[in-house]
Amino acid sequence: MTDFVQAASQVMTWCNELGAVSQADYVDRRYLTEQHRQANDLVAHWMQQAGCKTWEDGAANLWGRYESDNENAQRFILGSHLDTVPNGGKYDGMLGVLAPIAVVNYLHSHNIRLPFHIDIVGFGDEEGTRFGSTLLGSRALTGQWQKEWADLADSEGITLSQAMSNFGLSFANIGNSKITNPSGLLGYLEIHIEQGPVLEDKNLPVGIVTAINGARRFWFDIEGFAGHAGTVPMGLRQDALAASAEMILAVESIAAEFGVVATVGAIENRPNGVNVISGKTRFSLDIRSEDDRLRDRAFDAILAKLESIAEHRNTGLTYTQTHSANAVSCAPELQAMLTQAINNADFTPYSLSSGAGHDAMAIADICDVAMMFVRCYKGISHHPAESIKTHDVEASLIVLHQFLLLLSEQYSTTK
Ligand code: HGY
Ligand code: MN
Ligand code: MN
C-alpha cells in the first residue's frame, strides 16, 4: 500500500465531479463560458484545500501556488487544460491539473516545503473548441496572442473579445498575462493521458514523451450556387456539398500518401435543406506530423488538389489558417529526470512521441518542458469512453512525487 492510493482515488473523484461541469448532458466545457467559471471555482477550492494560494490571470487560466519557504525561489510549473472537446472524456487535460494538486496535498499534509515554488496551472483553452483556435491559455503566457484573434467568433457569433469582457477580462490587456521573466522558471511538466494505445500495448502505466507533433488548422469555404433539387440537371449544378465531399476524400488519400495525419472534423452547410442544392459549405482541416516540412509539403499537395476540384466543379474555394504550431522536442534533462523518477518508483521507463498537441508546445517557447503520459483504455480519447485506471493514476502520483524530490535535490545543490 503506497501513500498515494487514497490520493489516486481522490483524483478520480475530482475528475468525475469536474466532468459533470458541462454545457450539455455529455462532457462539453468551453473557454470563457459559465461552465469555465464553475470549473475554475471548483478546482481553485481543491487547490486551496491542498495549501495553495490561487488566482486567475488575464486569459482566465487558473493558478495555484504551493509556496517554497524561500519567497525569492524560482518556480516549477505543473499543469494542463481544463477545457474539453464536445462529447469528450473526463481526463484529457483535467488529469494534468488534478494529479499535481493531489501530490501537493500530500506534501502539505506532511508539512513538506520544496526549495522552489510549485505553480499548478489549469489552462482555460487548449482544445480551441469555442473559437476554432487552440492553446489560447498557454499562448497567453508566452505572449503569442495575435490582434486579429479578437474577432474570432464562436458558433453564436460571439467574438473572443466580447467573450473576454463578458468574463470580466479585456482582450486589450492580454499582454499582462505574459510571463516576463522566464529565467525564473525551472521548467514545466505536463501529465496527460496518452490518447493512444502504446502504453496499454506495452502494459506500462506511464511513459516519457520525447516530442510533440506539429499541427496546422484551417477553415475551407466552398462557394457553389443553391438550387432546386428537382429541376437543376446534374451537369449544370454548382453543388458546394458534393464538391466538399470530393475534397474531403482527397484530403484523406493525400495524407495517407505523404504519411501525415489530416482530419476534416467539422463541417457546416448552407442552406442545408433536403430539397436544396448546397450553396455554401465550410469544413475544417487539421494536419499534423512530427516533421514540419513534410506536413507543409502534404498541405501544399492537398491545397492544389482542392483547387483543381473547385475548378472542374465551378465552385469557389477560399481558406484561412487558424492555427500553426511546429513540432516540439521535450528537454533531454527533464526527460532524464523523469526516467530516473520512474525507475525510483520501480516502474519501467518507456519513451514515446505525442501525435496529439498539448500546452507544452506553447510553453516550450519560454522554458524547458517535459510530459508524462498515463495509460488510457484502448487509447480512446475525445470520446465519452475515454477512461483510466486508479492504479495508473497512483503510478503517476508516485512518479511525480519522485520527480519533485529529484528536482529539489538538483535545485538545492546548484543554488
Ligand atoms: O487536438 C489535439 O491534439 C489536442 O487534444 N488538443
Ligand atoms: Mn484533447
Ligand atoms: Mn489534452
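Values in this document were obtained by computation on a predicted structure and should not be read as measured data.

Distances from the manganese ion (ligand 2) to its protein donors, Asp92 (OD), Glu127 (OE) and His382 (NE2), fall within 2.1 Å. Each donor residue of the manganese ion (ligand 2) lies on the same chain, and together they follow the pattern D-x34-E-x254-H. For the pair the manganese ion (ligand 2) and the manganese ion (ligand 3), the metal-to-metal distance amounts to 3.4 Å, and Asp92 bridges them. Of this pair, Glu127 sits in the loop between strand S4 (117-123) and helix H4 (136-141) while His382 sits in the loop between strand S16 (369-374) and helix H11 (390-414), and the two are 255 residues apart along the sequence.

This next bit is on the site of ligand 1. For ligand 1, the full set of nearby residues is Glu126, Glu127, Arg217, Arg288, Ala356, Gly357 and His382. Within the contact set of ligand 1, a nitrogen atom lies 2.8 Å away from a side-chain nitrogen or oxygen of Glu126. Interatomic distance of 2.8 Å between a side-chain N/O atom of Glu127 and a nitrogen atom of ligand 1.

The next thing to look at is the coordination of the manganese ion (ligand 3). For the manganese ion (ligand 3), the full set of protein donor atoms is His81 (NE2), Asp92 (OD) and His192 (NE2), at a range of 2.1 to 2.2 Å. Each donor residue of the manganese ion (ligand 3) belongs to the same chain, with the gaps between them written as H-x10-D-x99-H.

Enumeration according to the criterion identifies 15 salt bridges in this entry. A salt bridge links Asp41 to Arg37, with the nearest nitrogen and oxygen atoms 2.8 Å apart. Remark: Arg37 and Asp41 occur in helix H2 (residues 34-49); sequence separation between them is 4 residues, near one turn of the helix. The exposure class of Arg37 is partly exposed, given its relative accessible area of 23%. The salt bridge partner of Asp221 is Arg282, with a shortest N-O separation of 2.9 Å. Within this pair, whereas Asp221 is found in strand S7 (residues 214-223), its partner Arg282 is found in strand S12 (residues 280-289), the two being separated by 61 residues in sequence. Residues joined in a network through salt bridges with shared partners are Arg216, Asp292, Arg295 and Asp296.

Domain parsing of the protein chain yields domain 1 (2-213 + 327-414) and domain 2 (214-325). Between domain 1 and domain 2, the C-alpha centre-to-centre distance is 34 Å. Each partner contributes residues to the interface: domain 1 has 15 residues there, and domain 2 has 11 residues. At the junction of domain 1 with domain 2, the criterion picks out 0 salt bridges. Summed over the shared surface of domain 1 and domain 2, the number is 6 residue pairs in polar contact (both at pLDDT 80 or more).

It is worth spelling out unusual backbone geometry at this point. Of note, the bond from Arg270 into Pro271 is cis; its omega dihedral lies within 30 degrees of zero at -5 degrees. Its identity is not glycine, yet Asp346 carries a phi of approximately 65 degrees, on the positive side. Looking at where Asp346 falls in the secondary structure, it is placed in the loop between helix H9 (332-344) and strand S15 (351-354).

With that out of the way, let us pick up the pairing of S16. By the criterion of burial, S16 is predominantly enclosed, with 6 of the 6 residues buried. Because side chains alternate across S16, one face comprises the buried residues Val369, Met371 and Phe373, and the other comprises Ala370, Met372 and Val374, equally buried. Here strand S5 (residues 185-193) pairs with S16 via 6 bridges, running parallel. In the sheet register, His192 faces S16, and the bridge partner there is Phe373. One ladder, built from 3 bridges, connects strand S6 (residues 206-212) with S16; its direction is antiparallel. Each residue of the ladder has a partner; that of Val206, found in S16, is Val374.

Cut-off values and rules
Residues numbered from 1 in each chain as written. Chains lettered and ligands numbered in written order. Predicted model: local features only at pLDDT ≥ 70, side-chain atom pairs only at ≥ 80, totals over all residues. Heavy atoms only, no water. Donors = N, O, S within 2.8 Å, 3.2 Å for Na, K, Ca; no water. Helix = DSSP H or I, 4+ residues; strand = E, 2+ residues; numbered from the N terminus. Near = heavy atom within 4 Å. Polar contact = N/O pair within 3.5 Å; in protein donor to acceptor, adjacent residues only side chain to side chain. Salt bridge = Lys/Arg side-chain N within 4 Å of Asp/Glu carboxyl O. Buried < 20%, exposed > 50% of the residue type's maximum accessible area, 1.4 Å probe, protein only. Domains from an automatic or database assignment. Contact = heavy atoms within 4.5 Å. Pairing = 2+ DSSP bridges.

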